[in-house]
Amino acid sequence: QKEVEQNSGPLSVPEGAIASLNCTYSDRGSQSFFWYRQYSGKSPELIMSIYSNGDKEDGRFTAQLNKASQYVSLLIRDSQPSDSATYLCAVNGDNAGNMLTFGGGTRLMVKP
Amino acid sequence: DAEITQSPRHKITETGRQVTLACHQTWNHNNMFWYRQDLGHGLRLIHYSYGVQDTNKGEVSDGYSVSRSNTEDLPLTLESAASSQTSVYFCASSPDRRSPLHFGNGTRLTVT
């Protein structure tokens, strides 16, 4: 069973709308949570980190973490066509190596 | 500026040949990682290192090896390239186990 799950999409939203991306994880001891954006043919780039329950806002991006329910989400407000990309959720678990586990990614399409 | 660089960006090789992919970072990060990314599988960890002379196997380590003789470099060697190793390879680094990863630009490897 995959430890970090994301809907592969594509998630299609109109320009200006809010895009909501979700991620669930299985390791209850997970400590660190990250969202990466990956454009086609490019490397993943970090857009948000979150370590404690609640919301964290950075510009148009808000990360939400609920450890009790084991999910983390990313909201993108005022979505732009340039936000069209694959969004990867990554979780640092409580395993022996404390390594990041990545979800399969959600492809977001923002239509003008 | 500190960075992480991979070389070559593209490589075509024949089945059975030994191939080495280079990864060099100037952040002085202790932790370095190699991932491969394939459609339908997301990012999968090949090998990782938490410091000089330390190397560990990841999820898909068969057919690959790494060595860490200094802080800056973690070369990835394919002992005898196979067509199943055709993929995009990403190197990444981080200062510690709770921090996010910084990715290189990737190497696209084709084994014919």
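Residues numbered from 1 in each chain as written. Chains lettered and ligands numbered in written order. Predicted model: local features only at pLDDT ≥ 70, side-chain atom pairs only at ≥ 80, totals over all residues. Heavy atoms only, no water.

> When you look at the overall build of chain A in this model, what are you seeing that I'm missing?
In terms of regular secondary structure, chain A is built from zero helices and eleven strands. For chain A, the sequential pattern of α-helices and β-strands runs β-β-β-β-β-β-β-β-β-β-β. Relative to the globule expectation of 13 Å for 112 residues, the C-alpha radius of gyration of chain A, 13 Å, shows essentially globular dimensions. Dimensions of chain A, computed from C-alpha atoms along their principal axes, come out at roughly 45 × 30 × 20 Å. Here chain A, with 112 residues, has 46% of them falling under the buried criterion. By sequence separation, contacts in chain A at least 24 residues apart represent 54% of the contacts at least 6 residues apart. In the form shown here, chain A has an accessible surface area of approximately 5,200 Å², with 46% of it arising from carbon and sulfur atoms. Of the charged side chains in chain A, 10 are positive and 11 negative, and the gap between their average positions amounts to 4 Å. (Helix = DSSP H or I, 4+ residues; strand = E, 2+ residues; numbered from the N terminus. Rg over C-alpha atoms; globule rule 2.2 N^0.38 Å. Buried < 20%, exposed > 50% of the residue type's maximum accessible area, 1.4 Å probe, protein only. Contact = heavy atoms within 4.5 Å. Areas by Shrake-Rupley, 256 points an atom, 1.4 Å probe, with all protein chains shown as cover. Lys, Arg positive; Asp, Glu negative; His and termini not counted. Charge placed at Lys NZ, Arg CZ, Asp CG, Glu CD.)

> Would you mind going over empty space enclosed by the protein with me for this structure?
The gaps left among the atoms become clear once a water-sized probe is rolled over them. All names here are of chain A. Tallying each qualifying case throughout the model produces two cavities of 30 Å³ or more. In this structure, the largest cavity spans a volume of roughly 60 Å³. Forming the walls of the largest cavity are twelve residues, and the residues nearest its centre are E3, D27, S30, V91 and T101. Split into classes, the residues belonging to the lining of the largest cavity amount to four nonpolar, six polar and two charged. (1 Å grid on protein atoms, 1.4 Å probe; cavity = no way out; pocket = protein on both sides within 12 Å on 5 of 7 lines; lining within 4 Å. Points joined across faces, edges and corners; volume = space filled by probe spheres on them. Nonpolar A, V, L, I, M, F, W, Y, C, P; charged D, E, K, R; others polar.)

> What is the right way to read the interface of chain B and chain A from this model?
The figure often quoted for interface size is the accessible area lost as the parts come together. Listed by partner, the interface residues are 16 residues for chain B and 19 residues for chain A. For the pair chain B and chain A, the summed buried area comes to about 1,500 Å², and 55% of that belongs to carbon and sulfur atoms. When residues of chain B are sorted by the area they lose upon contact with chain A, B:R97, B:R98 and B:P100 head the list and together hold 36% of the total. There are five residue pairs in polar contact (both at pLDDT 80 or more) connecting chain B and chain A. Secondary-structure elements contributing two or more residues to the side of chain B that touches chain A are β4 (31–38) and β5 (42–51) of chain B. With four residues, the single largest contributor to the side of chain B that touches chain A is β5(B). (Buried area = accessible area lost by both parts, 1.4 Å probe. Polar contact = N/O pair within 3.5 Å; in protein donor to acceptor, adjacent residues only side chain to side chain.)

> Quick question: what am I supposed to make of the state of the cysteines here?
Here, the word disulfide means a covalent bond between the sulfur atoms of two cysteines. Throughout the structure, instances matching the rule amount to two disulfides over all chains. Each sulfur of the disulfide joining A:C23 and A:C89 lies 2.1 Å from the other. Disulfide A:C23-A:C89: the torsion about the S-S bond is -75 degrees, which places it as left-handed. In this pair, A:C23 is assigned in strand β3 (residues 19–25) and A:C89 in strand β9 (residues 85–92), connecting sequence segments 66 residues apart. No difference in accessibility class separates A:C23 from A:C89, as the two residues are buried. Across a sulfur-sulfur distance of 1.8 Å, B:C23 and B:C91 are joined as a disulfide pair. (Disulfide = S-S within 2.5 Å.)

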